[in-house]
Amino acid sequence: MTVPPERVPRRPALAGRVLPLLLVVALLAPVAFLFAQQRRLTEDDRGLAVRERMGVEYLRALGPVTLALVDAQSAAVAGRTASREALTRAVEDAASVDTRIGDQLRTHDRWTGLRAKLEALPDRALTDPEAAFVAYGEVTDLLLALHRKVREGSGLMRDPQSDSFFLQDAVSEELPEALVTAGRLADLATLAARRPAAEQLRTGPELAGLRVAALTPATDLVTDLRAAVDNTESTKLGANVLAPLDGYQRAVERLAALSAPTDPPRAGGAPGVGGPTELTAARNNAQSAARQLQPVILDELDVLLRERIDRLDRERWLAGTAAGVAVLLVAALGAVLLAAYRRARRRAVGEHRADEDSGAAPGGTGWEPPGEPRGLAPLGTLAPAEPRTLQPAGRGPAGTERWGPFDAAR
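A.B. asks: Before we move on, could you go through the overall build of the protein and cite the residues and values that matter?
C.D. replies: Looking only at helices and strands, the protein features 8 helices and 2 strands. Counting from the amino terminus, the protein carries its helices and strands in the arrangement α-α-α-α-α-α-α-α-β-β. Out of the 410 residues belonging to the protein, those deemed buried represent 38%. Once local pairs closer than 6 in sequence are excluded, the contacts in the protein between residues at least 24 apart make up 72%. When the accessible surface of the protein is summed, it comes to about 23400 Å², and 58% of that surface belongs to carbon and sulfur atoms.

In structure tokens, the structure reads:
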């Protein structure tokens, strides 16, 4: 009897099992890549905006230091003993800001050097105004270098937006330089009026150079602010900036007119320029206008940076939400494919068990082992057996005959 081999359930082909997994990976891979790229870009942009806000905070602290230092220089050159209270208070405020964020902006070393020079300035007016002019000039140079370091360390100089870029350039570079050089111009005019006649020849070129140095950043400041207003989407920037800008521009134009060469020179003035009193008054007006303009620029710049950070946070949230939805959809697709695979496997196992219970061949047709009877025939249907008689198989000893069991009767 031949025994049929046991049927083994058919398994899905390797390609059928691997293909769903490959499909899920192929869908998840680009989603993960795009999400990682978007996350990295927004993280970089957000980090830059956060550092720029630190720079704005530092510049806000340096503004009073700049104004107080320029006033102290004018008092020292004029031979007056000015109060150091405003400068001391401004230095303390800036020191607290540097302590908090100076390491992140890499400004701590420069501030330490500047503060040492500030504290070394004499409380009383120097007997030599020329020496005072030189001493304060060294300190103001260090102050301008610190402004540039803040601009560089905070990333303000790399700002990607047009309106905020022009604002930061105006408030971190042009405005401090315009204040310092305008103060030097007025102070040099004061010194020139006291110089002996033998030194008057070198005063004219010095004043001309300082005039250019003072008017160039002032003009660039006006250009930057107008460019910021023209290139912004903010509806409040123009209204907030243009009014104090107009006052500053009028003061600068007055300073430019008084510092222009004249022939002959005005009474009491240096060769080729207006009188020191008029120049000092024009410088004070420009400084007062700058004192009103500076916080406005810093406020508007900070508003733009905060809005950028909020927008980047929203983009990060939307990207994360989209990535999460994509993962859920792909997971749902994977679950559907897995359920289909399990149903196909259960169906194959069920068919195998049904075939075993019915005795069917793997192909589904009934069969029986060869040589086995299909069953007993009913009684009365069998044909009668043919009668048989013994046949002689030959003769035995002594002439006897032998009969075989299947020999028919004779």
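A.B. asks: Explain the pattern of salt bridges to me, and be specific about the residues and the numbers.
C.D. replies: Enumeration over the complete set of coordinates arrives at 17 salt bridges. The partner of Arg308 in a salt bridge is Glu52, and the shortest N-O contact between them spans 3.3 Å. Of this pair, Arg308 sits in helix α8 (residues 276-358) while Glu52 sits in helix α1 (residues 14-78), and the two are 256 residues apart along the sequence. Classification of Arg308 as buried rests on a relative accessible area of 5%. According to the relative accessible area criterion, Glu52 is buried, its value standing at 0%. Across the salt bridge formed by Asp141 and Arg184, the nearest N and O atoms sit 2.7 Å from each other. Separated by 43 residues along the polypeptide, Asp141 in helix α4 (residues 129-153) and Arg184 in helix α5 (residues 162-194) bring together distant segments of the chain. Residue classification places Asp141 among the partly exposed residues on the basis of a relative accessible area of 40%. Salt bridges here are not isolated pairs; linked through shared partners, they connect Glu52, Asp159 and Arg308.

A.B. asks: Describe the packing of helix α3 (residues 108-120) against α4, and please don't skip the residues or the numbers.
C.D. replies: At a minimum axis separation of 10 Å, α3 and α4 run at an interaxial angle of 160°. Judged by the angle between their axes, α3 and α4 are roughly antiparallel. The element α3 and its partner α4 pack so that their crossing is left-handed. Along its contact with α3, which presents Arg110, Trp111, Gly113, Leu114, Lys117 and Leu118, the element α4 presents Glu138, Val139, Leu142, Leu143, Ala145, Leu146 and Lys149. Looking at the contact of α3 with α4, its residues break down into 8 nonpolar, 1 polar and 4 charged.

A.B. asks: Before we move on, could you go through the layout of surface pockets and cite the residues and values that matter?
C.D. replies: Approximately 340 Å³ is the volume found for the largest pocket. As for the largest pocket, its lining consists of 15 residues, and the residues nearest its centre are Asp163, Glu233, Leu304, Glu307 and Arg311. For the lining of the largest pocket, the elements supplying multiple residues, two or more each, are α5 and α8. Of all the elements, α8 adds the most residues to the lining of the largest pocket, at 6 residues. Looking at side-chain class alone, the lining of the largest pocket contains 2 nonpolar, 6 polar and 7 charged residues.

A.B. asks: Outline a positive patch on the surface, supporting the account with residue identities and numerical values.
C.D. replies: There is a patch of like positive charges on the surface, built from Arg342, Arg343, Arg346 and Arg347. Secondary-structure assignment places Arg347 in helix α8.

A.B. asks: Report on the side chain of Asp224, specifying residues and quantitative values.
C.D. replies: Within the secondary structure, Asp224 sits in helix α6 (residues 200-230). The side chain of Asp224 sits in the buried core without any salt bridge; Arg151 is the nearest counter-charge, 7.4 Å away.

A.B. asks: If you had to explain the environment of Asp159 to someone new, which residues and values would you point to?
C.D. replies: Here Asp159 is to be found in the loop between α4 and α5. Put simply, Asp159 and Ala49 are 110 residues apart on the chain and 8.2 Å apart in space, counted from C-alpha to C-alpha. Here Asp159 is in contact with Glu52, Ser164, Phe165, Leu305 and Arg308, once residues within four sequence places are set aside. Side-chain polar atoms of Asp159 contact the backbone nitrogen of Gln161, separated by 3.0 Å.

A.B. asks: How would you explain the nonpolar core if you had to name every residue and give the values?
C.D. replies: Of all hydrophobic cores here, the largest spans 58 residues; its most connected members are Tyr58, Trp111, Leu225 and Tyr248. At the level of secondary structure, the elements contributing two or more residues to this core comprise α1, α2 (85-105), α3, α4, α5, α6, α7 (237-258) and α8. Tallying contributions element by element places α1 first for this core, with 12 residues. When sequence neighbours within four positions are dropped, the list of residues in contact with Tyr248 reads Leu175, Ala178, Ala218, Leu221, Ala286, Ala289, Ala290 and Leu293. By size, the runner-up hydrophobic cluster in this structure holds 14 residues, among which are Leu188, Ala214, Leu255 and Ala282.

A.B. asks: I'd love a proper account of the packing of aromatic side chains, names of residues and values included.
C.D. replies: Evaluated as defined, the whole model comprises 1 aromatic pair. Look at Phe165 and Phe166: their rings are 5.9 Å apart centre to centre, the planes differ by 70°, and that puts the pair in the edge-to-face class. Overall, the relative accessible area of 23% leaves Phe166 in the partly exposed class.

A.B. asks: How would you summarise the packing of α5 against α6 if you had to cite specific residues and measurements?
C.D. replies: It is the contact of α5 with α6, at a shortest axis distance of 8 Å, that shows an interaxial angle of 155°. Put simply, α5 runs roughly antiparallel to α6. For the pair α5 and α6, the sense of crossing is left-handed. In terms of residue class, the contact of α5 with α6 is made up of 20 nonpolar, 3 polar and 9 charged.

A.B. asks: Give a detailed account of the confidence of the model for the protein, specifying residues and quantitative values.
C.D. replies: Per-residue confidence for the protein gives a mean pLDDT of 79, with 71% of residues at or over 70. In the model of the protein, strand β2 (residues 401-404) stands out as the element of lowest mean pLDDT, 51, in contrast to α2, which has the highest, 94. Note that residues 406-410 has pLDDT below 50 and, in this model, 15 contacts with residues that lie over four places away or in other chains.

Reading the values: the criteria
- Residues numbered from 1 in each chain as written.
- Predicted model: local features only at pLDDT ≥ 70, side-chain atom pairs only at ≥ 80, totals over all residues.
- Heavy atoms only, no water.
- Helix = DSSP H or I, 4+ residues; strand = E, 2+ residues; numbered from the N terminus.
- Buried < 20%, exposed > 50% of the residue type's maximum accessible area, 1.4 Å probe, protein only.
- Contact = heavy atoms within 4.5 Å.
- Areas by Shrake-Rupley, 256 points an atom, 1.4 Å probe, with all protein chains shown as cover.
- Salt bridge = Lys/Arg side-chain N within 4 Å of Asp/Glu carboxyl O.
- Axes fitted to C-alpha atoms, helices over the stretch in contact; angles between N-to-C directions.
- Parallel < 35°, antiparallel > 145°, perpendicular 65-115°, else oblique.
- Left-handed = near helix turned anticlockwise from the far one by under 90°.
- Nonpolar A, V, L, I, M, F, W, Y, C, P; charged D, E, K, R; others polar.
- 1 Å grid on protein atoms, 1.4 Å probe; cavity = no way out; pocket = protein on both sides within 12 Å on 5 of 7 lines; lining within 4 Å.
- Points joined across faces, edges and corners; volume = space filled by probe spheres on them.
- Patch = residues over 30% accessible without salt bridge, like charges linked within 9 Å, V, L, I, M, F, W, Y side chains within 5 Å.
- Lys, Arg positive; Asp, Glu negative; His and termini not counted.
- Charge placed at Lys NZ, Arg CZ, Asp CG, Glu CD.
- Polar contact = N/O pair within 3.5 Å; in protein donor to acceptor, adjacent residues only side chain to side chain.
- Core = buried A, V, L, I, M, F, W, Y, C linked by side-chain atoms within 4.5 Å.
- Phe/Tyr/Trp six-rings, centres within 6.5 Å; stacked < 30°, edge-to-face > 60°.
- pLDDT = per-residue confidence, 0-100.

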